[in-house]
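A structural walkthrough
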Amino acid sequence: MLLAPNDSVEGDILTADTQETKTERRVMVIRTSWGFFVNSIVAAGLGVVFARLIEQAGVAIAGLIDGREPVFTAVVTELRAPGSDLVFLGGTVASLVAGALLLSMYPNALDRSVGKLQMLWVILFTLRNGLFDLAATAYVEDSPVAKALSTFEAPAGLDMVLSVTGAVGLVLLAVAAAPAFLGFSRHRSEILTGPERIRYVATLGLMPGLVGPLLAVVYFIPDRGTGFTATLPFLGVFLVITAVAARWTREVAEPKLVQERSLSIALVLVALIVFTVLRFVIEPGLAIPPWDDNLVWQPRA
């Protein structure tokens, strides 16, 4: 759907350029979107958690294949046996592959449900993790990809190529997220102009992308000396590009089925269930495979 500043809008709220109508439209947006805004914050926090679990699952699987006796937790996978650092590449590969698969499965549904919003956040943070790992290759010596490259004679300049690829991928991901967030609009009047599109994406995307990871801290305490919790405030910074890109985003899929965007109790319950599982099942350390009785797990202080 091509959005133009002078387009007419069918529905309860008209777009005539009168101060009364503009005021009425703004009041409607604020009144009906607060619940979905809170949903987006919770979904962003869960997106961070699921993305980290996917990444660490990749490391655990690679460690199992290499015989390194992995012990899986939400924040880090401990490798109890010596072996190749190539296993750290498993997290990056898992993030990129899982993110691509989820993206291909991203439902082209007529609705704009909270479930679809949750899936969008998982896709964004999962792909963000994989692309950031690539971008850090040439600049961070202990990054997963850099560790993997150190295990063999990599061609000269490969690290820089991977870093540029990751950086470009992050920018493209951020730009592509703009129409995805705009697609959750309830009415065309919410995103008719450039400033309104920036406001909408900042409300549904950027602010939850910054606040959600902060709330996710409770899922990763203690962080076992990894310093991962210190990085959480910066995970959603790439969405600044998304908010800016929304100004020039004009092709947006129009919702066919309008749903009331109230606070999702089901999403809150999911967040509590995930927290319980992580705290009492995964946090103590889950040996891979779980039936490995010979593995004694002694968590890092």
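Keep in mind it's a predicted model, so treat the numbers as computed, not measured.

**A closer look at the overall build of the chain**
- When helices and strands are tallied, the chain shows nine helices and three strands.
- Counting from the amino terminus, helix and strand elements in the chain follow one another as α-β-β-α-α-α-α-α-α-α-α-β.
- In the chain, buried positions account for 48% of the 301 residues.
- Considering only contacts within the chain whose residues lie at least 6 apart along the sequence, 74% involve residues at least 24 apart.
- Of the roughly 14700 Å² of accessible surface on the chain, 68% is carried by carbon and sulfur atoms.

**A word on unusual backbone geometry**
- Omega for the bond connecting isoleucine 221 with proline 222 falls within 30 degrees of zero, at -5 degrees, which places this linkage in the cis form.
- Assignment of secondary structure puts proline 222 in the loop between α6 (194–215) and α7 (228–231).
- The phi dihedral of glutamate 69 is positive, around 50 degrees, even though this residue is not glycine.
- For glutamate 69, the position within the fold is in the loop between α1 (19–65) and β1 (70–72).

**Describing the nonpolar core**
- Ranked by internal contacts, the top residues of the largest apolar core, which has 58 residues, are Trp121, Leu124, Phe181, Tyr219 and Phe220.
- For this core, the secondary-structure elements that each account for two or more residues are α1, α3 (114–135), α4 (144–149), α5 (158–182), α6, α8 (239–245) and α9 (265–282).
- Counting residues per element, this core draws most heavily on α3, at ten residues.
- Non-local contacts of tryptophan 121, meaning those with residues more than four positions away in its chain, are made with Ser40, Ala43, Ala44, Gly47, Phe181, Leu204, Gly205, Pro208, Gly209 and Leu239.

**Structural notes on the packing of α3 against α5**
- Two numbers describe how α3 lies on α5: the axes approach to 7 Å, and their chain directions differ by 165 degrees. With respect to each other, α3 and α5 are oriented roughly antiparallel. α3 and α5 meet at a crossing whose hand is left-handed. Touching Leu117, Leu120, Trp121, Leu124, Leu127, Arg128, Leu131, Phe132, Leu134 and Ala135 of α3 are Leu162, Ser163, Gly166, Ala167, Gly169, Leu170, Leu173, Ala177, Ala180 and Phe181, all from α5.
- Taken together, the residues that form the contact of α3 with α5 break down as 16 nonpolar, three polar and one charged.

**Re the confidence of the model for the chain**
- Per-residue confidence for the chain gives a mean pLDDT of 82, with 81% of residues at or over 70.
- Contacts for the low-pLDDT stretch residues 295–301, under 50 throughout, to residues beyond four places or in other chains number 20 contacts.

**Observations concerning the side chain of glutamate 283**
- With respect to the helices and strands, the residue glutamate 283 is situated in the loop between α9 and β3 (286–287).
- Glutamate 283 gets classed as buried once you look at its relative accessible area, which sits at 13%.

**Considerations on the pattern of salt bridges**
- Applying the stated criterion across every chain, the model contains three salt bridges.
- Where arginine 68 meets aspartate 85, a salt bridge forms, and the shortest distance between an N and an O atom there is 3.9 Å. Placement of the pair is arginine 68 in the loop between α1 and β1 and aspartate 85 in the loop between β2 (77–79) and α2 (89–105), with a sequence separation of 17 residues.
- Residue classification places aspartate 85 among the partly exposed positions, given a relative accessible area of 30%.

**Some words on the packing of aromatic side chains**
- Within the structure shown, the criterion is met by six aromatic pairs.
- Relative to phenylalanine 184, the ring of phenylalanine 36 lies with its centre 6.0 Å away and its plane at 45 degrees, an arrangement referred to as tilted. Of this pair, phenylalanine 36 sits in helix α1 while phenylalanine 184 sits in the loop between α5 and α6, and the two are 148 residues apart along the sequence.
- Looking at phenylalanine 36, the relative accessible area reads 4%, which means it is buried.
- What makes phenylalanine 184 buried here is its relative accessible area of 1%.

**A word on the packing of α2 against α3**
- At their nearest, the axes of α2 and α3 sit 8 Å apart, and the two run at 145 degrees to each other. Viewed along their axes, α2 and α3 form a crossing whose handedness is left-handed. Here α2 contributes Thr92, Ser95, Leu96, Ala98, Gly99, Ala100, Leu102, Leu103 and Met105 to the contact with α3, which in turn contributes Met119, Val122, Ile123, Thr126, Leu127, Asn129, Gly130, Leu131, Asp133 and Leu134.
- Looking at the contact of α2 with α3 residue by residue, the class counts come to twelve nonpolar, six polar and one charged.

**Brief notes about the side chain of threonine 137**
- When you line up the elements, threonine 137 lands in the loop between α3 and α4.
- Under the relative-accessibility criterion, threonine 137 is labelled buried at 5%.

**Observations concerning a nonpolar patch on the surface**
- Judged by side-chain polarity, Trp34, Leu263, Ile265, Val268, Leu269, Leu272, Ile273, Val277, Phe280 and Val281 come together as a nonpolar surface patch covering roughly 980 Å² of accessible area.
- Considering each element in turn, the nonpolar patch owes the most residues, eight residues, to α9.
- Since its relative accessible area comes to 56%, isoleucine 265 is described here as exposed.

Calculation notes
- Residues numbered from 1 in each chain as written.
- Predicted model: local features only at pLDDT ≥ 70, side-chain atom pairs only at ≥ 80, totals over all residues.
- Heavy atoms only, no water.
- Helix = DSSP H or I, 4+ residues; strand = E, 2+ residues; numbered from the N terminus.
- Buried < 20%, exposed > 50% of the residue type's maximum accessible area, 1.4 Å probe, protein only.
- Contact = heavy atoms within 4.5 Å.
- Areas by Shrake-Rupley, 256 points an atom, 1.4 Å probe, with all protein chains shown as cover.
- Core = buried A, V, L, I, M, F, W, Y, C linked by side-chain atoms within 4.5 Å.
- Axes fitted to C-alpha atoms, helices over the stretch in contact; angles between N-to-C directions.
- Parallel < 35°, antiparallel > 145°, perpendicular 65-115°, else oblique.
- Left-handed = near helix turned anticlockwise from the far one by under 90°.
- Nonpolar A, V, L, I, M, F, W, Y, C, P; charged D, E, K, R; others polar.
- pLDDT = per-residue confidence, 0-100.
- Salt bridge = Lys/Arg side-chain N within 4 Å of Asp/Glu carboxyl O.
- Phe/Tyr/Trp six-rings, centres within 6.5 Å; stacked < 30°, edge-to-face > 60°.
- Patch = residues over 30% accessible without salt bridge, like charges linked within 9 Å, V, L, I, M, F, W, Y side chains within 5 Å.

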